[in-house]
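Take a look at the letters that make up each chain.
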Amino acid sequence: MAESYYICLDIGGTKILGAIFNMKKEIVYRLKKKTKADGDSVQNVEDTIISVVSEMIEGFHIKESQIKAIAAGAPGVIDQEKGIVLESPNLPWKNYNIKKPIEKKFGAPFYIGNDVNVGVLGEYKYGVAKGCKNVVGLFVGTGMGGGLILDGKLYTGHLFKGAEYGHMILVPDGPRCNCGQRGCLEALSSKQGISDYIRQQAGRGRKTAMADACAGGVFKSKLLKKNLEARDPVTVEAVNRACYYLAIASGNLVNTFSPEIVVYGGGVIEACGDYFLDRIVADVDRFCMPSIRNTVRFEKAGLGDDSILYGALAMILDGSKKK
Ligand SMILES: [Zn+2]
């Protein structure tokens, strides 16, 4: 009999990562593709997923019938049980049932969840948070995502809108955030927050190697790493500021949930995680209740860029258990 496989996707605003897992939960094939979500219709995004999955099936030389299930993490508010994307900031989806057309096309179950929720689930099942029961996850990328495992279960809140730590307000009259508020963690510590700060400083005439990269929007994480290592003063200042607010947010979350572990993931952490972790851990004592601080660990995501792919695998395996 032909072997069976799972296909897992990490759907971002600018790229899709795909992995084929065998039944031993090993990644046997990978695909990375740029997406152009801007301006594309819903049909086109759905087409993109279908074409990526088809391409993977072809590239790995297997048949559609060998695919046992497909799962994806995507940005936005997602009804994980029904497979409906309620809202998505970067993708043109609203109240969109993505489950049906994908299941129809491939004849296999399809699962979808919020990308950071799924990433934290991946770290909880297979990564650095394995064996913990309460996990706080903070994913630092272009934006700032959050995820929470409470008592061994992914907590998504009422109507799947929970764990939006990125919009925890830390400076009420601080920089403007995408959500319309001011001083959210996302506006201070995400790539956007760091980029805005560097742009502002460059605008004041301060010299920085990041000026061009921040002029038009957000920089690539690798470039941040390079300039951090080169000790570009404005870059170091911007990152230290981001870490300071991440430490305050982490302290608040630790005091609220008393998790065994706080996991930091996302593109920025994948590139510059050691620097961020050192700074956050150095600062966080000031913001944690001492009794709780003693029982929590602060760690980088163990699966790196694969957190969401492994979380998607966990959704498949949890989903198949329920049937
Ligand atoms: Zn906000």
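Bear in mind that the values here come from a model prediction, so they are computed numbers and not experimental data.

**Q** Got a sec to walk through the layout of surface pockets? Specific residues and values, please.
**A** In this structure, the second largest pocket encloses a volume near 550 Å³. For the second largest pocket, the lining is made up of 19 residues, of which Gln80, Glu81, Met315, Asp318 and Lys322 are closest to its centre. Mapped onto the lining of the second largest pocket, the elements with two or more residues apiece are α3 (115–126), β11 (153–154) and α11 (307–322). At four residues, the largest contribution of residues to the lining of the second largest pocket is made by α11. For the lining of the second largest pocket, the per-class residue count stands at six nonpolar, five polar and eight charged. Taken together, domain 1 (5–119 + 306–322) and domain 2 (132–301) each give at least three residues to the lining of the second largest pocket, which thus spans both.

**Q** Explain the domain arrangement of the protein chain residue by residue, including any values.
**A** For the protein chain, the assigned domains read domain 1 (5–119 + 306–322) and domain 2 (132–301). Surface buried jointly by domain 1 and domain 2 totals about 900 Å² across both partners, of which 66% is contributed by carbon and sulfur atoms. At the junction of domain 1 with domain 2, the criterion picks out zero salt bridges. Our enumeration of links across domain 1 and domain 2 arrives at one residue pair in polar contact (both at pLDDT 80 or more). Classifying every residue of the side of domain 1 that touches domain 2 by side-chain character gives four nonpolar, four polar and two charged.

**Q** Any chance you could break down the coordination of the zinc ion for me, citing the residues and the numbers?
**A** Only His167 (ND1), Cys177 (SG), Cys179 (SG) and Cys184 (SG) from the protein reach the zinc ion as donors, at distances of 2.0 to 2.4 Å. Between the four donor atoms coordinating the zinc ion, the angles at the centre fall across 105 to 122°, so the site counts as tetrahedral. Read from N- to C-terminus, the donor residues coordinating the zinc ion fall into the pattern H-x9-C-x1-C-x4-C. Classification of Cys177 by relative accessible area gives buried; the value is 8%. Here Cys184 falls in the buried class, since its relative accessible area comes to 0%.

**Q** Can you explain α11? Please cite residues and give values.
**A** The terminal C-alpha atoms of α11, which comprises 16 residues, lie 23 Å apart, in line with the 22 Å expected from a rise of 1.5 Å per residue. For α11, the full list of buried residues reads Ser307, Ile308, Leu309, Tyr310, Gly311, Ala312, Leu313, Ala314, Met315, Ile316, Leu317 and Gly319.

Calculation criteria
- Residues numbered from 1 in each chain as written.
- Predicted model: local features only at pLDDT ≥ 70, side-chain atom pairs only at ≥ 80, totals over all residues.
- Heavy atoms only, no water.
- 1 Å grid on protein atoms, 1.4 Å probe; cavity = no way out; pocket = protein on both sides within 12 Å on 5 of 7 lines; lining within 4 Å.
- Points joined across faces, edges and corners; volume = space filled by probe spheres on them.
- Helix = DSSP H or I, 4+ residues; strand = E, 2+ residues; numbered from the N terminus.
- Nonpolar A, V, L, I, M, F, W, Y, C, P; charged D, E, K, R; others polar.
- Domains from an automatic or database assignment.
- Buried area = accessible area lost by both parts, 1.4 Å probe.
- Salt bridge = Lys/Arg side-chain N within 4 Å of Asp/Glu carboxyl O.
- Polar contact = N/O pair within 3.5 Å; in protein donor to acceptor, adjacent residues only side chain to side chain.
- Donors = N, O, S within 2.8 Å, 3.2 Å for Na, K, Ca; no water.
- Tetrahedral: all angles 85-135°; square planar, octahedral: opposite > 155°, others 65-115°.
- Buried < 20%, exposed > 50% of the residue type's maximum accessible area, 1.4 Å probe, protein only.
- Expected span 1.5 Å × (residues − 1).

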